[in-house]
Amino acid sequence: MIETVSAAASKSRTIEIEAHLERLADVRAFVRSSCAELGAADDCVVDLVQAVDEAATNIVIHGYGGATGPIEVTMSPAADSVRVEIRDRAPAFDPMSFGEPDLGSTRLRPGGMGIHLIRAATDSLAHRARPGGGNILTLVRTLGRREEED
Amino acid sequence: MALDIAIEQAGGDRAVIALTGELDASNFTTLIEAGRKLHADGTRRIVLDLTGLSFLASSGLVALHSLIRILRGEAPPDPEEGWGAIHSLEFDVSGGGVQNEVVLVAPQAAVDRVLERTGLKRLFRVHEDRSAALADA
């Protein structure tokens, strides 16, 4: 089982796990502890725990699809925000290719909710192919409470 | 943190399920399985006490939906059929939305946020404590 937690002088922190659903709790714990070091407000912590959990779940289930492989989560400060990079070696897959669920509809599909929750919890979300194979998903969330949540 | 599921009979066809910990993709099927067993034993309404639940993933929403379906005697998702089958499920929120099978108790802020953001909160009656929920279930 692969697991590394490293902290560079820039306060950037990384955890690497193998892609198993049983490791999601470790990823969430890592996000919480990193947020504390970066000075994130509770509101930000809740959002990033949700967003990173949903993204990692997508990688385990859709990305690797039952196979295993590495997932790296790196959290670093960026001005008044937290930047999270989630890297894998799964086949190229852009989670944003999912459409937004129609929350006003009388029929709601839970399967579309993961990416919706990531979008709702972050200020920006970007996917790019990882050199050498895989994906890099970048999430940015302001450290504090967002005005639209008031 | 693991998920703890505590079940109490509440008289008649009602039961209380108290969740403690985190409900995510690794454990949501255990809640579905608990619902199946309760339904098989005659339970038709569940008070779901979320006081101790600190995290709810989208997969947990699937479990909540499954509880409703199971209690209605409808086919719940079969985890053996894979994630795709679960994704194909739909919440029916037509006809005013609120259902009667599952009543929620005291979701923490993080859990409440998920219910709000996904539009699913309108499916549930929510109470601040268990006794109020039992009076309403």
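Residues numbered from 1 in each chain as written. Chains lettered and ligands numbered in written order. Predicted model: local features only at pLDDT ≥ 70, side-chain atom pairs only at ≥ 80, totals over all residues.

Along its length, chain B carries five helices and six strands. For chain B, the α and β elements follow one another from N to C terminus as β-β-α-β-α-α-β-β-α-β-α. Across the 137 residues in chain B, those meeting the buried criterion constitute 42%. Excluding contacts between residues fewer than 6 apart, the proportion of contacts in chain B whose partners are at least 24 apart in sequence is 74%. (Helix = DSSP H or I, 4+ residues; strand = E, 2+ residues; numbered from the N terminus. Buried ≥ 20, exposed ≤ 12 C-beta atoms within 10 Å, placed from the backbone. Contact = placed C-beta atoms within 7 Å.)

Two modes of strand pairing occur in sheets, parallel and antiparallel, and in both the strands are linked by backbone hydrogen bonds. All names here are of chain B. Taken together, the five strands give an open sheet; going across it, the order is β1-β2-β3-β5-β6, and neighbouring strands pair in mixed fashion. Of all strands in the sheet, those bounded by a partner on one side alone are β1 (3-9) and β6 (125-127). Taking each pair of neighbouring strands and ignoring which way they run, the sheet shows an average axis angle of 25°. As paired elements, strand β5 (residues 102-105) and β6 share three bridges and run parallel to each other. Looking across to β6, one finds that L104 is bridged to V126. Docked against the sheet, helix α1 (residues 28-40) engages β1, β2 (14-23) and β3 (45-56), running at close to 15° with respect to β1. (Pairing = 2+ DSSP bridges. Axes fitted to C-alpha atoms, helices over the stretch in contact; angles between N-to-C directions.)

With that settled, consider the nonpolar core. Within the largest apolar cluster, 75 residues are counted, with the highest numbers of intra-cluster contacts made by L48 and V52 of chain A together with L23 of chain B. With twelve residues, the single largest contributor to this core is helix α2 (residues 42-63) of chain A. If we ignore the near neighbours within four places in the chain, the residues touching L48 of chain A are V31, C35, V82, V84, A121 and R141 of chain A. (Core = buried A, V, L, I, M, F, W, Y, C linked by C-beta atoms within 7 Å.)

Before going further, it helps to examine the pairing of β3 of chain B. Residues and elements named next belong to chain B. Bridge count between β2 and β3: nine bridges; the pairing is parallel. Looking at the pairing, E22 lines up with F55 of β3. Remark: the β2/α1/β3 crossover connection has right-handed handedness. Bridge count for β3 against β5 is four bridges, and the pairing is parallel. Paired with L48 across the two strands is L104, which belongs to β5. (Right-handed = clockwise from strand over helix to strand, strands pointing away.)

What follows concerns unusual backbone geometry. Positive phi outside glycine occurs at A79 of chain A, with the angle close to 55°. Phi is positive for A106 of chain B, close to 50°, though the residue is something other than glycine. Here A106 of chain B shows up in the loop between β5 and α4 (109-117).

Describing two packed helices takes the angle between their axes plus the distance from one axis to the other. All names here are of chain A. Remark: α2 packs on helix α3 (residues 113-121), axes separated minimally by 9 Å, with the N-to-C direction vectors making an angle of 145°. Read as a crossing pair, α2 and α3 show a hand that is left-handed. Of α3, the residues touching α2 (which contributes D47, L48, Q50, A51, E54, A55, T57 and N58) are G114, L117, I118 and A121. Within the contact of α2 with α3, the residues separate by chemical class into six nonpolar, four polar and two charged. (Left-handed = near helix turned anticlockwise from the far one by under 90°. Nonpolar A, V, L, I, M, F, W, Y, C, P; charged D, E, K, R; others polar.)

Bringing the confidence of the model for chain B into the picture now. For chain B, per-residue confidence averages 88 on the pLDDT scale, and residues scoring 70 or more make up 83% of the total. Both scores are available for the predicted complex, with the pTM at 0.89 and the ipTM at 0.89. (pLDDT = per-residue confidence, 0-100.)

Taken residue by residue, α4 of chain B has V111, R113, V114 and L115 of chain B as its buried positions. Those residues of α4 of chain B that are buried are in contact with α2 and α3 of chain A together with β3 of chain B. G119 of chain B sits one or two residues past α4 of chain B and shows a positive phi near 75°.

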